[in-house]
Amino acid sequence: MYTIDSIISSIHSTGKSRLAVDVRALAAFRIGIGATLLLDVILRSRYLAVFYTDAGVLPRTTLREFYPLISHLSIHTLSGSIVAQSVLFIITGVCSISVILGYRTRAAMMCSFFLIVSLHARNPIVLSAGDSLLRRLYFWGMFLPLGTVYSLDAHRDSTRHENTSTSGKPQQIFSVAGVGLLVQVLIVYLTNAGYKTLQGDWGMHNTLLYALHMDVFTTPIGALLQQHGDILAVLSIAWIGILYASVLLVFTTGKLRQYTVLLFMCSHLGMVFVLRIGIFPLVSIVALLPFLPTSTWDTVYEGIQNIARWLKIQYVIDSLHSITNQPLYVQSIRETTRNHNRSIRQRITRGISYSKTVTQILLVCLIGTLILWNSIAVGVINPGSIPESQFTPKENSWDMFTSPSGIDTFTYGKVTTTANTSVTNTAHADPDTNLPPDGAAWYRTNRWRKYMLSVTDTKTDELLTSTATGICNFIHRNQNVDTQTVTLRTIKQPPPMHTQTHTNKKVLTKTHC
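Numbering of residues starts from 1 in each chain and follows the order in which that chain's sequence is written. Where local features are concerned, this predicted model is filtered to residues with pLDDT of at least 70; where side-chain atom pairs are given and counted, the filter is 80 or more; whole-chain, interface and lining totals use all residues. Calculation of side-chain values draws on the structure's entire complement of heavy atoms; hydrogens and water are dropped beforehand.

**Student:** Any chance you could break down the packing of aromatic side chains for me, citing the residues and the numbers?
**Tutor:** When the centres of two rings from Phe, Tyr and Trp lie within 6.5 Å, Trp using its six-membered ring, the rings pair. Their planes under 30 degrees apart give stacked, over 60 give edge-to-face, and anything left gives tilted. Tallied over the full model, the rule gives 13 aromatic pairs. Both rings, one in Phe 139 and one in Trp 140, keep their centres 5.2 Å apart while their planes meet at 75°; by these two values the pair is edge-to-face. Joined through ring pairs, the aromatic side chains of Tyr 47, Phe 51, Tyr 52, Phe 89, Trp 448, Tyr 451 and Phe 474 make up one cluster.

**Student:** Break down the side chain of Thr 252 for me, with residues and values.
**Tutor:** Starting at the N terminus, helices and strands are each numbered in turn, a helix being any DSSP run of H or I of at least four residues and a strand any DSSP run of E of at least two. Tracing the backbone shows Thr 252 in the loop between α13 (248–251) and α14 (254–274). Among the polar contacts listed, one links the side chain of Thr 252 to the backbone oxygen of Leu 248, at a separation of 2.3 Å. Ignoring any residue separated from it by four or fewer positions in sequence, one finds Thr 252 in contact with Arg 18 and Arg 257. Here a polar contact is recorded for every N or O atom pair within 3.5 Å, except that within protein the pair must consist of a potential hydrogen donor and a potential acceptor, and residues adjacent in sequence are included only if both atoms are side-chain atoms. Residue contacts are counted whenever heavy atoms from the two residues lie within 4.5 Å of one another.

**Student:** Could you give me a rundown of the packing of helix α2 (residues 23–45) against helix α7 (residues 129–141), with the residues and numbers involved?
**Tutor:** Between α2 and α7, whose axes approach to 11 Å, the crossing angle comes to 135°. Classed by the angle they form, the pair α2 and α7 counts as oblique. Crossing of α2 against α7: the hand is left-handed. Seen from α2, the contacting residues are Phe 29, Ile 33, Gly 34, Thr 36, Leu 37, Asp 40 and Arg 44; seen from α7, they are Asp 131, Leu 134, Leu 137 and Tyr 138. When residues are sorted by character, Ala, Val, Leu, Ile, Met, Phe, Trp, Tyr, Cys and Pro go into the nonpolar class, Asp, Glu, Lys and Arg into the charged class, and all the rest, Gly among them, into the polar class. Taken together, the residues of the contact of α2 with α7 break down into six nonpolar, two polar and three charged. Note on method: axes are straight lines fitted to C-alpha atoms, helices fitted across the in-contact stretch only, with angles between N-to-C directions ranging 0 to 180 degrees. Roughly parallel refers to an angle under 35 degrees, roughly antiparallel to one over 145, roughly perpendicular to one between 65 and 115, and oblique to any angle outside these ranges. Here is the rule for handedness: rotate from the far helix to the near one, and if that takes an anticlockwise turn smaller than a right angle the crossing is left-handed, while a clockwise turn gives right-handed.

**Student:** Go over the nonpolar core with me, naming the residues and quoting the values.
**Tutor:** For our purposes a nonpolar core is just a set of buried Ala, Val, Leu, Ile, Met, Phe, Trp, Tyr and Cys residues, chained together by side-chain atoms within 4.5 Å. Working definition: with a 1.4 Å probe on protein chains only, accessible area under 20% of the residue-type maximum means buried, over 50% means exposed, and in between means partly exposed. Counting 101 residues, the largest nonpolar core has Ile 33, Phe 51, Leu 137, Tyr 138, Leu 288, Trp 448 and Tyr 451 as its most contacted members. The element best represented in this core is helix α9 (residues 176–199), accounting for eleven residues. Beyond its immediate chain neighbours, meaning those up to four positions away, Trp 448 contacts Tyr 47, Val 50, Phe 51, Asn 425, Tyr 443, Ile 471 and Phe 474.

**Student:** If you had to explain empty space enclosed by the protein to someone new, which residues and values would you point to?
**Tutor:** Throughout, the protein atoms alone are placed on a 1 Å grid, and a set of points is a cavity if a 1.4 Å probe fits but cannot get out or a pocket if it is open with protein on both sides within 12 Å along at least five of seven lines; lining residues have an atom within 4 Å of a point. Grid points are joined across faces, edges and corners, and a volume is the space filled by probe spheres set on the points. Taken as a whole and assessed by the stated rule, the structure comprises four cavities of 30 Å³ or more. Computed from the structure, the largest cavity encloses a volume of approximately 60 Å³. What lines the largest cavity is Leu 43, Arg 44, Arg 46, Tyr 47, Phe 51, Tyr 52, Val 126, Thr 445 and Arg 447. Elements supplying a minimum of two residues to the lining of the largest cavity: α2 and α3 (48–52). Taken together, the residues of the lining of the largest cavity break down into five nonpolar, one polar and three charged.

**Student:** Can you tell me about the side chain of Thr 294, naming the residues and giving the values?
**Tutor:** Mapped onto the elements, Thr 294 comes out in helix α16 (residues 294–311). Judged by relative accessible area, Thr 294 falls into the buried class, the value being 18%. A polar contact is formed between the side chain of Thr 294 and the side chain of Asp 22, at a distance of 3.0 Å. Ignoring any residue separated from it by four or fewer positions in sequence, one finds Thr 294 in contact with Asp 22, Arg 24 and Gln 172.

**Student:** Go over a nonpolar patch on the surface, please, and point to the residues and values.
**Tutor:** Note on patches: the residues involved have over 30% relative accessible area and no salt bridge, like charges join within 9 Å, and the nonpolar side chains Val, Leu, Ile, Met, Phe, Trp and Tyr join within 5 Å. Computed with the Shrake-Rupley method and a 1.4 Å probe, the accessible areas treat only the protein chains shown as cover for residues. By definition, a salt bridge exists where a carboxyl oxygen of Asp or Glu is found within 4 Å of a side-chain nitrogen of Lys or Arg. On the surface, a cluster of nonpolar side chains totalling about 340 Å² of accessible area is made up of Ile 82, Val 83, Val 87 and Ile 91. With respect to the helices and strands, Val 87 occurs in helix α5 (residues 82–101). The class for Val 87 is partly exposed, based on a relative accessible area of 43%.

**Student:** With reference to specific residues and values, describe the sheet that holds strand β6 (residues 504–512).
**Tutor:** The sheet built from four strands is open, its strands ordered β4-β3-β5-β6 with antiparallel pairing. Taken across any chain shown, the strands that pair with only one partner, and hence form the sheet edges, are β4 (422–424) and β6. If you compare each strand with its neighbour and ignore which way they point, the axes differ by 25° on average. The sheet contact formed by strand β3 (residues 408–417) and β4 spans three bridges and is antiparallel. By the bridge assignment for β4, Val 415 is matched with Val 423. Helix α21 (residues 461–479) rests against β3, β4, β5 (483–493) and β6 of the sheet, and its axis sits at about 115° to β5. Any two strands with at least two DSSP bridges between them are considered paired.

**Student:** Can you tell me about the state of the cysteines, naming the residues and giving the values?
**Tutor:** Count a disulfide wherever a pair of cysteine sulfur atoms falls within 2.5 Å. Under the counting rule described, the total for this entry stands at one disulfide. One disulfide bridge connects Cys 472 with Cys 513, the sulfur atoms lying 1.8 Å from each other. Where Cys 472 bonds to Cys 513 through sulfur, the torsion about that S-S bond is close to 110°, and the disulfide is right-handed. Taken as a pair, Cys 472 in helix α21 and Cys 513 in the segment after β6 lie far apart in primary sequence, 41 residues in all. For Cys 111, which is in no disulfide, the shortest distance to another cysteine sulfur is to Cys 95 and amounts to 3.0 Å.

If you want it as C-alpha cells, here you go:
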C-alpha cells in the first residue's frame, strides 16, 4: 500500500540520486568559472578602450539610445573614461581570483555576477553564447556552497572547529539551486538540438559543412575538413544525436553518466580545434563538471593522492586528507548560534528560514520560466500572439549555427591620414585589393568579429557613425597618426558551394574623424 509519504520519499530519493551534486564537483566548478572569468577579463582588456569607453565604437550616448533598458543595468556607464573602466576590470579580476581560491566565496560570487552583468550590459553587441552561459552559471553558483571544500573558506572553518567530529565522506548537495544549474546546462543542448531539427534551414546533415565553410569562424584544422563533405555529414547527424542524448546527463548515474559527460567534454574540446567561437567551449566544459558522479571524484582524489605520494609531496597529501575528512559546514543558523541567546537565535532562525523558503520558491519559478521560454523559442509550445518587445525568446536563446547566411562577411574601417595614406583596423594593409586567404584572421579578435558582423546589416546611421568614429580613434591611438576621414566598408564572399558566386563590396558610411 503506497502512502503519500512513501511516494514523496521515493521521488526525493530518485531525484537526489540523479540531481545531487558532489561538493568536490562544486569546488572544481568554482575554480573553473573563476579561471574562465579571469581569462575573459584579460582577453577583453586588450581592446578595453575600443569597446567600453566613450572614445570607442559604442559611446554611452549611443548605448542608451539603442539599449535603453539594458544600459541601466551597468555601472560601467557611470563613466566613459579608460581609467574608470580599467578600475572596474581590475576589480572583476580580483573577484575572479577570490572565487578561484574560495575566499569569501559567496560574497565573491555575488560581486562577480554583478560585475559580469554590468560588463555585458555596457556593450551587448560583442556578446556571444559563451558570455550568456557564463553569466547564468554565476547566477546559479551564488546559491550553491561552492566553498565547502578545497577553498580558503574551508580551511578557515576547519581551524575554527578543530574539536568538531568529522564526517567520513564528502557529502552531496541536493538543492533547488543545484537542480537549476543542471537544468540550465541541459536546456542549452536540448534547445540547440530543437533549433537544428525543427527550424534549421541547412538540414541536419549540412550543419558542420556550412559552418566550416564560413571562413571567419574556421581554424586551419577546420579548413582542412572542408573538402570531406561525407565525413562532415556523418559528424553533423552524430552531433545532433549527441545533443538529444544530453538527457542522459540527468537520467543516468554511475559509469554511464560519467561517459556521457566525457563525451560532451571531448566534443567541446574538438570545437576548439576547428572553430573560433570564443570562450564557449571552455565555459561548456566547466558547466559539465557538476554532472560528474561521486565515483569519478573518488577516482580523481585517489589518483592525485597516489601521484603526491610518488612525488613525495607531503603537503598535498596532508591537505587532501584534512580537506576530505573535515566536517562540511553547510549548516543552518540554528547550529551556528547554538550558544547564543535563545530569543535572538529563534528570531534569526525564523528570518533565515523565511528568506530561504522565498528564495527556493523564486528559483523554482525561474526554472519553470527557463523551460517555458526555450520551449516557445524552439516552437514546441505555441504562445499565441505575443506583443513586440526588446526581449523575445527567439532572439535570446541557444540557436548557435542553426540558420546563418553561410556567407563570409568582412567589415572594417579604412582611415585616411593627413599624410594622404590609408590605414585599416585590421592586421592587413588593404583588404580592398588583397583579401587575406585565412578568413578567421580577417578580424583581430572574436570580439571584433562579433561587433563588426553585428553592425554590418544595421540600417541605423547613428550606430554606423559611432562605429566609424571609434575605429578612427583606435587607429589614431595605436598607429600614432593624424587621421582625417574614415570609411566603413564591407565585403561579402560566398563559400564555394553557395549558389551566389560573386564577391559583393559595399560602403556602409563615410565620415570625418
